[in-house]
Amino acid sequence: MAPVGGTAVQDHVALAEIELCGELIIAASAAEDRLSLECIDEVLRVYEEREN
């Protein structure tokens, strides 16, 4: 049982990770095939140049 008095702890990093996982799940469920690495990076908002 949660303590009375509203002493809930919020982990902002964990909440952000959960949000990104949700976005990735939504993208994967909407895709007809596997997501490409570029698509995953776009969903996760990763913007770095890759060497081909």
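I will try to describe carefully the structure that is included in this document. Everything quoted here is computed from the prediction, not taken from an experiment.

### Looking at the overall build of the protein chain
For the protein chain, the helix and strand inventory stands at two helices and zero strands. In the protein chain, buried positions account for 6% of the 52 residues. Per element, the accessible surface of the protein chain, about 5,100 Å² overall, is 56% carbon and sulfur.

### Some details on unusual backbone geometry
Positive phi, normally seen in glycine, also occurs at Arg45, with a value near 60 degrees. Mapping Arg45 onto the fold places it in the segment after α2 (37–43). Assessed through its relative accessible area of 48%, Arg45 is described here as partly exposed.

### What about helix α1 (residues 12–30)?
Each full turn of the α-helix corresponds to 3.6 residues, which orients residues three or four apart in the same direction. Between its first and last C-alpha, α1 extends 27 Å over 19 residues, near the 27 Å set by a 1.5 Å rise per residue. Its side-chain oxygen at 3.2 Å from the backbone nitrogen of Val13, Asp11 defines the N-terminal cap of α1.

Calculation rules
- Residues numbered from 1 in each chain as written.
- Predicted model: local features only at pLDDT ≥ 70, side-chain atom pairs only at ≥ 80, totals over all residues.
- Heavy atoms only, no water.
- Helix = DSSP H or I, 4+ residues; strand = E, 2+ residues; numbered from the N terminus.
- Buried < 20%, exposed > 50% of the residue type's maximum accessible area, 1.4 Å probe, protein only.
- Areas by Shrake-Rupley, 256 points an atom, 1.4 Å probe, with all protein chains shown as cover.
- Expected span 1.5 Å × (residues − 1).
- Polar contact = N/O pair within 3.5 Å; in protein donor to acceptor, adjacent residues only side chain to side chain.

In short, geometric facts, not functional conclusions.
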